[in-house]
Amino acid sequence: MYKVLLVDDERIILDGISQMVDWPAFRTKLIGTAQNGIQAYEKIAEAAPDIVVSDIRMPGLDGLELVAKTHASHPAVKFVLLSGYGEFEYANRAMQYGVKHYLLKPTDEVKIAEALKEVTEELDLQRGRETFIRDMKHRFEKFIPHVKEQVLKEFVTNKTYGTRDLEEYRGLFPYPFDHPIRLLLFRLEGKTDSEHPFAAKNIAEDLLQTTLLSTTIGDHVLILIADPKDQELFHQRLQEIRHTFNLYYKMGMTIAVSDSGPMVQARKLYRETLKCLDYRFYLDESGIITKQDAPLACGETGEFFFDEERLILPARSGRIEEAAQALSELIAEMKRAQLSIDMAKSCAIQQYASLIRVADPERLNEAYKRIPEIAEMESLQAIHSFLDESVKEVARRNGERNAGKYNTIVRKVVDIVEEQLGNSDLSLNMVAHEMLYMNADYLGKLFKKETGEKFSNYVMRIRIQRATELMSADPDVKIFEMAERLGFGDNPQYFSQVFKKQVGCTPSEYIRKAFSL
């Protein structure tokens, strides 16, 4: 039912028309009357009628002024104007406000009925058009997110998709193309289904509040944002995203963050995030990676050298803590060099194979069967944990076997070495002749048989081990001071040569590497 307001300054006309017209027959309802334009406008503002039937000559605010004022505030209201014969030309001025219907006074039920029929048909058509446009707009708004997702996906992955294509969709992006943006690439750690990327994308959009575009590419979630001004707050939000996702799904998440750049460089920035994601292998846990965090992940790997005897000797001799420390140094060196994932796994497998060869022979076949486990691991942390468990187990078993072999004499030699480590005259002859009063040749053979090392090699290894401990505790320690404290006398050059031979780098290089990790 359309609402009608009747306006005339003559009460008799108001009453006559009100009673004469069968309003429901024309799908209308008379909601009120007014005797002047001022009253009429108040009721229009209050009740918002669909149709106003109004006299054109009224005191205070005439019909034409009422049309103009109503058109400004309620443009959808339709007017039917009642005018005398001499007012017809004057009434035509209302056409500029869309008024099409005029009835010459005095009028009758038939003319009013025809006018109402025409007006309601116009309103039907107008409302149908509005409903259609509203429905199309709703459908378009529902479809737009999918268009945006596809445009972003094509632009970063399709080499034939260029700047000209992006220009065609410029209206979809409420953001200047030359303003800096960043890309965020999310990798979910673990077995995923279709729900997980969708959830990660929605959590990120809610928490970031600066998302311009987003899409999923395979198992990854890609989000394009305006370059944040507050970097500290930005990284807090990224951690909130990881925490929230983990809270709901008990899964880790790695986020690669590109450098900033204009939107036309989105493909380059996307490749950058893909390369950064490879560095997740070297993270202690899933986290946030930028190009600055992984400087070599986007280029060539660094040099890598590690003498496997540094790990095998203490494991063979049963020195658990020393073997575990050597393994930690191996992992740190791999991380520093940022080997490719395949190279890192190959190195780990090689170290594992060397390790199990000094284990119990009866456990060799069982240990070899575990090698494929290393190839399946997705992080260096997992490999470290696996090797650490193996190293400690091998060293423990070897230590138990060796415990009964070391006799009192060899244990005395070990104690003497610890006490005399800073003595540059420390030698097998000195220990044998001056301290134990034994034959040096026999003592040397006994020491080698029980420890697996020559006396001189053992002394040098312990000295270099102490050197690394000193440098780790005090990076400002002087090379000549260490040489003197560790039995190299006043020959720091010889100390550096021995150190490099055993560790693979000079003392100065060791300090730089240790404190840059």
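Residues numbered from 1 in each chain as written. Predicted model: local features only at pLDDT ≥ 70, side-chain atom pairs only at ≥ 80, totals over all residues. Heavy atoms only, no water.

## Remarks on the packing of aromatic side chains
- Enumeration according to the criterion identifies eight aromatic pairs in this entry.
- Geometrically, the ring pair formed by phenylalanine 499 and tyrosine 510 is edge-to-face, given 5.7 Å between the ring centres and 80 degrees between the ring planes. Remark: tyrosine 510 occurs in helix H22 (residues 507-514) and phenylalanine 499 occurs in helix H21 (residues 492-503); sequence separation between them is eleven residues. In this pair, the class of phenylalanine 499 matches that of tyrosine 510, namely buried. (Phe/Tyr/Trp six-rings, centres within 6.5 Å; stacked < 30°, edge-to-face > 60°. Helix = DSSP H or I, 4+ residues; strand = E, 2+ residues; numbered from the N terminus. Buried < 20%, exposed > 50% of the residue type's maximum accessible area, 1.4 Å probe, protein only.)

## With respect to the sheet that holds strand E3 (residues 51-55)
- Ordered by their spatial adjacency, five strands build an open sheet running E2-E1-E3-E4-E5, and the pairing between neighbours is parallel. Sheet topology places strand E2 (28-34) and strand E5 (101-104) at the edges, where each strand pairs with a single neighbour. For this sheet the average axis-to-axis angle between neighbouring strands, irrespective of direction, equals 20 degrees.
- Running over the sheet, helix H2 (residues 37-47) touches strand E1 (2-7), E2, E3 and strand E4 (78-83) and is turned about 165 degrees from E1. (Pairing = 2+ DSSP bridges. Axes fitted to C-alpha atoms, helices over the stretch in contact; angles between N-to-C directions. Contact = heavy atoms within 4.5 Å.)

## A few points about the nonpolar core
- Grouped together as the largest cluster of nonpolar side chains are 52 residues, with contacts concentrated most on Val156, Leu183, Leu222, Leu224 and Tyr352.
- Examining the composition of this core, we find that seven residues originate from one element, helix H11 (residues 320-337), more than from any other.
- If near-sequence neighbours (up to four positions away) are discounted, tyrosine 352 is found in contact with Ala367, Arg370, Ile371, Ile374, Phe386, Leu387 and Ser390.
- Val410, Leu426, Phe495 and Cys505 belong to the second largest nonpolar core, which has 35 residues in total. (Core = buried A, V, L, I, M, F, W, Y, C linked by side-chain atoms within 4.5 Å.)

## Section: the layout of surface pockets
- Of the pockets and cavities examined, the largest pocket occupies roughly 700 Å³.
- Taken together, 27 residues line the largest pocket, and the ones lying closest to its centre are Arg310, Arg461, Ile464, Gln465 and Gln502.
- If you list the elements that add at least two residues to the lining of the largest pocket, you get helix H10 (309-317), H11, helix H19 (455-473) and H21.
- Sort the elements by how many residues they give to the lining of the largest pocket and H19 lands first, with eight residues. (1 Å grid on protein atoms, 1.4 Å probe; cavity = no way out; pocket = protein on both sides within 12 Å on 5 of 7 lines; lining within 4 Å. Points joined across faces, edges and corners; volume = space filled by probe spheres on them.)

## So, the pattern of salt bridges
- Throughout the structure, instances matching the rule amount to 14 salt bridges.
- Between arginine 27 and aspartate 124 there is a salt bridge, with the nearest N and O atoms lying 2.6 Å from each other. Here arginine 27 is found in the loop between helix H1 (11-20) and E2, whereas its partner aspartate 124 is found in helix H5 (residues 109-157), with 97 residues between them in sequence.
- As a salt-bridge pair, lysine 117 and glutamate 121 come within 2.8 Å of each other at their nearest N and O atoms. Taken together, the residues span about one helical turn, with lysine 117 and glutamate 121 both in helix H5 at a distance of four residues.
- By relative accessible area, glutamate 121 is classed as partly exposed at 42%. (Salt bridge = Lys/Arg side-chain N within 4 Å of Asp/Glu carboxyl O.)

## Some remarks on H2
- Within H2, the full set of buried residues consists of Gly37, Ala40, Tyr41 and Ile44. Seen from one end, H2 has its buried residues packed into an arc of 95 degrees, which puts them on one side.
- Here the buried face of H2 lies against E1, E2, E3, helix H3 (63-73) and E4.
- At the N-terminal end of H2, a side-chain oxygen is found 3.0 Å from the backbone nitrogen of isoleucine 38, two or three residues along, and the residue is asparagine 36.
- Alanine 48 sits one or two positions beyond H2 and adopts a positive phi of about 50 degrees. (Arc of directions from axis to C-beta. Polar contact = N/O pair within 3.5 Å; in protein donor to acceptor, adjacent residues only side chain to side chain.)

## Section: H11
- Spanning 18 residues, H11 covers 26 Å between terminal C-alpha atoms, matching the ideal 26 Å at 1.5 Å per step.
- Here H11 has its buried residues at Glu322, Ala323, Ala324, Ala326, Leu327, Glu329, Leu330, Ile331, Glu333, Met334 and Ala337.
- Backbone geometry just downstream of H11 places glutamine 338 in the positive-phi region, at approximately 50 degrees. (Expected span 1.5 Å × (residues − 1).)

## Describing the pairing of E3
- The element E3 is extensively covered by neighbouring structure, given that five of its five residues are classed as buried.
- Here E3 shows two buried faces, one formed by Ile51, Val53 and Asp55 and the other by Val52 and Ser54.
- Here four bridges tie E1 to E3, and the two strands are oriented parallel to one another. Residue pairing for E3: leucine 6 is matched across the bridge by valine 53.
- For E3 and E4, the ladder comprises five bridges, and the chain directions are parallel. Residue pairing across strands places aspartate 55 opposite leucine 82, the latter belonging to E4.
- Each parallel crossover has a hand, and for E3 linked through H3 to E4 it is right-handed. (Right-handed = clockwise from strand over helix to strand, strands pointing away.)

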